[in-house]
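What the coordinates show
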Amino acid sequence: MARPNDEVAAVLQEYADLLAITGGDAFKSRAYEKAARALAGHPADVSRMDAKALRAVPNVGASIAEKVVAYFRDGSVPELDQARKSVPAGVRELVAIPALGPKKAMTLYQDLGISSVDELAGAIRSERLRGLKGFGPKTEENLLHGIALLRQSGQRVPLGTAMAVAEEVVAALTEVPGCERCAYAGSLRRMRETIGDVDVLVAADDSGPVMEAFTALPFVTEIVAHGAKKTSVRTTEGLQIDLRVLPADAWGAGMVYFTGSKAHNVHVRQIAVRDGLKLSEYGLFDTESGERVASATEEDVYARLGLPWIPPTLREDRGEVAAGLAGELPDVVTRDALRGDLHTHTDLTDGVATLEEMVLAASRLGYAYYAVTDHAPDLFMQRMTDAKMLAQRERVRELDGRHRRMRLLHGTELNIGPDGAVDWPPQFLAGFDLCVASVHSHFALSRDAQTRRLLRACENPYVNVIGHPTARRLGKRTGIDADLDAVFAACARTGTALEINGQPERLDLGDEEILRARQYGVRFAVDSDAHSTPGLDYVRYGVGTAQRGWLTADDVINTWPLRKLKRFLRKEGREETSG
DNA sequence: GCCGTTTTCGGCCCGACTGTTTTCAGTCG
């Protein structure tokens, strides 16, 4: 749905990057960035809007509206094509390295002719950066670290990027005559945080038309392999998509096989062997007679092995097979179980939608309650003030219950300072219905210092949720170094929830940490951290991540009825401090 | 380039931190 919006936003962002690298007007570059954000976050499909309608989108003026129209009409923007000629594509890749911005990238290119990440790595190794103005030993170290981080993520793409492509493929192939079923499988269906390639399955008697339609998709740039049963392509984003076509009666076995993981499949196959059976993507067969005993649905296949249907997000061989055999699989939390979202923004700070727009969109999701949590003043660029916050609260109270009786909570996203202090004193914090508190700065403190600041935040009687607890950015920044077990224990002790932030670049906490944290009896909040109305949908990735952490609805505070949630939000120790 | 207006150009998200420098540029949130 929002895909054309994201597409044109990426184009404008690229133009903004190129303007910054070539050292043009910084405000012009910023203007393109703002427009990109506004278009990505716009609820309506911008590819269907004319220039006049586009100009009505905030931060989109005549010039950018024209470029957007040109992009959807011609598939290109002349000014961007021009800019691309003056800066090699590899130079723009350089700014993806943490600690390396447009200025330094341009210096590297102009002075040393470096135009790719590999060339930069080589230049550092051969000490060619020595003596270059602005590049000291510490910078070299930081760049090497950044390059390592970038390479570690390799060719994998964020979950959200892969999902958008996969859903488009599934929608297109579902329309092909003869396609009986179509779905994505693989690590995407398991909701892993990054995706190497996308697996799509189709059930059809004749694979021809489906394969043809697949290779003809507009974003396909390369056909890697093309056969009757399997076709692989590469997309404009460099993502590989594998399509497998199966007979309809093998659908269940195929979905089991291609959803994986490999370790899960090995484990399940061992059980089959033990029972004198053989499992392949075409079905479960009796080893002796060769007769097919199950294949039509996943439930059939698992049932014949003495297993209940296992949610895809659990299929990692992390104990789910044993739990299934013992009848002890968790009843994992689902999106439908969410009654509200506890971390969202508006255009009062860095969101692109108004309070009214966000509230209306949230009510359409069927939420019973919804929290507005704009940034607090210590994130200086947001220019928050007490007066602005109080005025917003007044407006929130007016809107409370107006849309489908959805109840509104007025909150804030506090900043956890280096010493664990937050933006406002207790008296002011007491006026909020809930407070999320997050780390937005000082990522390089010592382990002890990081742990201390998080513990102090947990112990603050007004802090209800620790937002994106490790502050990691996938492929960009590892999480802060803290004794998370101490933090988990503190959360459990103080009645502070840990957030599972659904932003695809964050997914924080991640599944491994959730699995650990739940041992402490911690509660969690699955939030979108939305900065636009389409952004509210990010809870889907948060829910997927929560499932991967084996969480049930009871573990997640925003599945609870409002009354129970409000009790949780009144932390112990509040009365003494509230004065 | 966008916005808002004091209607035609001036201001635009501001401050901290890092690493480099020797007084500050670049990057980040």
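Since this is a predicted model, take the numbers as computed values, not measurements. (Residues numbered from 1 in each chain as written. Chains lettered and ligands numbered in written order. Predicted model: local features only at pLDDT ≥ 70, side-chain atom pairs only at ≥ 80, totals over all residues. Heavy atoms only, no water.)

1. Digging into the overall build of chain A
Looking only at helices and strands, chain A features 25 helices and 17 strands. Here chain A has a C-alpha radius of gyration of 25 Å; the compact-globule value for 579 residues is 25 Å, and the two agree. When the backbone C-alpha atoms are referred to their principal axes, chain A occupies close to 75 × 60 × 55 Å. Counting over 579 residues, chain A shows a buried share of 52%. Look at the contacts in chain A between residues 6 or more apart in sequence, and 68% of them connect residues 24 or more apart. Counting only carbon and sulfur atoms, one obtains 50% of the accessible surface of chain A, whose full area is about 25,500 Å². For chain A, the distance from the average position of its 72 positive side-chain charges to the average position of its 81 negative side-chain charges is 3 Å. (Helix = DSSP H or I, 4+ residues; strand = E, 2+ residues; numbered from the N terminus. Rg over C-alpha atoms; globule rule 2.2 N^0.38 Å. Buried < 20%, exposed > 50% of the residue type's maximum accessible area, 1.4 Å probe, protein only. Contact = heavy atoms within 4.5 Å. Areas by Shrake-Rupley, 256 points an atom, 1.4 Å probe, with all protein chains shown as cover. Lys, Arg positive; Asp, Glu negative; His and termini not counted. Charge placed at Lys NZ, Arg CZ, Asp CG, Glu CD.)

2. Details of the UniProt feature "domain: Polymerase/histidinol phosphatase N-terminal" (unreviewed entry) in chain A
UniProt annotation of "domain: Polymerase/histidinol phosphatase N-terminal" (unreviewed entry) refers to residues 340-418 when read in the numbering used here. The distance from the first to the last C-alpha atom of residues 340-418 is 31 Å, and the span holds 30% helix and 23% strand. (UniProt positions renumbered as here; feature names shortened; annotations may be inferred.)

3. Describing the sheet that holds strand E15 (residues 465-467)
The seven strands lie next to each other as E11-E12-E13-E14-E15-E16-E17, forming an open sheet whose pairing is parallel. Every other strand in the sheet has two partners, leaving strand E11 (340-341) and strand E17 (524-527) as the edge strands with one partner each. Sitting on the sheet, helix H18 (residues 386-399) is in contact with strand E12 (369-375) and strand E13 (407-415), with an inclination near 155° to E13. (Pairing = 2+ DSSP bridges. Axes fitted to C-alpha atoms, helices over the stretch in contact; angles between N-to-C directions.)

4. A few points about the nonpolar core
Tyr370, Leu414, Trp424, Ile466, Leu498 and Phe524 are the most contacted members of the largest nonpolar core, which totals 57 residues. Non-local contacts of Trp424, meaning those with residues more than four positions away in its chain, are made with Ala376, Pro377, Met384, Asp386, Met389, Thr412, Leu414, Leu429 and Phe432. (Core = buried A, V, L, I, M, F, W, Y, C linked by side-chain atoms within 4.5 Å.)

5. Focus: the packing of aromatic side chains
Taken as a whole and judged by the stated rule, the model has nine aromatic pairs. Members of the aromatic cluster, each reached through a chain of ring pairs, are Trp424, Phe428 and Phe432. The lysine or arginine in question, Arg477, covers the ring of Phe443, its NZ or CZ lying 3.8 Å from the ring centre. Cation over ring: Lys564 sits above Trp560, and NZ or CZ is 4.2 Å from the ring centre. (Phe/Tyr/Trp six-rings, centres within 6.5 Å; stacked < 30°, edge-to-face > 60°. Lys NZ or Arg CZ within 6 Å of the ring centre and 35° of its normal.)

6. Structural notes on the environment of Thr161
Looking at where Thr161 falls in the secondary structure, it is placed in helix H10 (residues 159-174). Along the backbone, Thr161 and Val220 are 59 residues apart, and their C-alpha atoms lie at a distance of 15 Å.

7. Details of unusual backbone geometry
Across the junction of Gly260 and Ser261, the peptide omega takes the value -10°, indicating a cis bond. Position of Ser261 among the secondary structure elements: in the loop between helix H13 (251-259) and helix H14 (262-274). The peptide bond linking Asp508 to Leu509 adopts the cis configuration, its omega dihedral lying at 0°. For Glu127, which is not glycine, the phi torsion reads 60° and is therefore positive. Within the element layout of this structure, Glu127 appears in the loop between helix H8 (117-125) and helix H9 (137-153). Positive phi outside glycine occurs at Asp317, with the angle close to 55°. By secondary structure assignment, the location of Asp317 is in the loop between helix H15 (298-304) and helix H16 (320-325). Its relative accessible area of 32% is what places Asp317 among the partly exposed residues.

8. Looking at the sheet that holds strand E10 (residues 292-294)
What the three strands build is an open sheet, ordered E8-E9-E10; its pairing is antiparallel. Each end of this open sheet is capped by a strand with a single partner; those strands are strand E8 (277-280) and E10. The sheet shows a mean angle of 35° between the axes of neighbouring strands, direction not considered. By the bridge criterion, four bridges tie E8 to strand E9 (residues 283-286) in an arrangement that is antiparallel. In the strand pairing of E9, Lys278 is matched with Phe285. Contacting E8 and E9, H14 crosses the sheet at an angle of about 150° to E8.

9. Regarding the protein's contact with DNA strand B
By nearness alone, 35 residues border DNA strand B, and Asn59, Gly101, Gly136, Arg383 and Arg477 come closest of all. Near the protein, meaning within 4 Å, the atoms of DNA strand B are sugar or phosphate in a fraction of 68%, with bases accounting for the rest. A distance of 2.8 Å is found between a base oxygen of DNA strand B and a backbone nitrogen or oxygen belonging to Met381. Elements with a contribution of two residues or more to the surface near DNA strand B: helix H2 (26-40), helix H4 (62-74), helix H7 (102-112) and H9. Examining the composition of the surface near DNA strand B, we find that five residues originate from one element, H2, more than from any other. Considered class by class, the residues forming the surface near DNA strand B number 17 nonpolar, 10 polar and eight charged. (Near = heavy atom within 4 Å. Polar contact = N/O pair within 3.5 Å; in protein donor to acceptor, adjacent residues only side chain to side chain. Nonpolar A, V, L, I, M, F, W, Y, C, P; charged D, E, K, R; others polar.)

10. Let's talk about the packing of helix H1 (residues 3-21) against H2
Close contact between H1 and H2 brings their axes to 8 Å; oriented N to C, the two are set at 170°. Comparing the axis directions of H1 and H2 gives the class roughly antiparallel. Of H2, the residues touching H1 (which contributes Asn5, Asp6, Val8, Ala9, Leu12, Gln13, Tyr15, Ala16, Asp17, Leu19 and Ala20) are Lys28, Ser29, Tyr32, Glu33, Ala35, Ala36, Leu39 and Ala40. Along the lines of polarity and charge, the residues of the contact of H1 with H2 split into 12 nonpolar, three polar and four charged. (Parallel < 35°, antiparallel > 145°, perpendicular 65-115°, else oblique.)

11. Comments concerning a positive patch on the surface
A grouping of Arg563, Lys566, Arg567 and Arg570 is seen on the molecular surface, where their side chains present a positively charged patch. Turning to its location among the elements, Lys566 is positioned in helix H24 (residues 562-569). (Patch = residues over 30% accessible without salt bridge, like charges linked within 9 Å, V, L, I, M, F, W, Y side chains within 5 Å. Salt bridge = Lys/Arg side-chain N within 4 Å of Asp/Glu carboxyl O.)

12. So, H8
All buried positions along H8 are accounted for by Val117, Leu120, Ala121, Ala123 and Ile124. End-on, the buried residues of H8 take up no more than an arc of 165°, which puts them together on one face. Seen from the buried face of H8, the exposed residues on the opposite side, beyond 90 degrees, are Asp118 and Arg125. (Arc of directions from axis to C-beta.)

13. Remarks on the pattern of salt bridges
On inspection of all chains with the given rule, the structure shows 34 salt bridges. A salt bridge links Glu127 to Arg130, with the nearest nitrogen and oxygen atoms 3.7 Å apart. Within this structure, Arg190, Glu316, Arg318, Asp511, Glu512 and Arg548 form a network of salt bridges that share partners.

14. Observations concerning the side chain of His375
Assignment of secondary structure puts His375 in strand E12. For His375, a relative accessible area of 5% corresponds to the buried category. Only 3.3 Å separates the side chain of His375 from the side chain of Asp350, close enough to count as a polar contact. For His375, the side chain forms a polar contact with the side chain of Glu413, separated by 3.5 Å.

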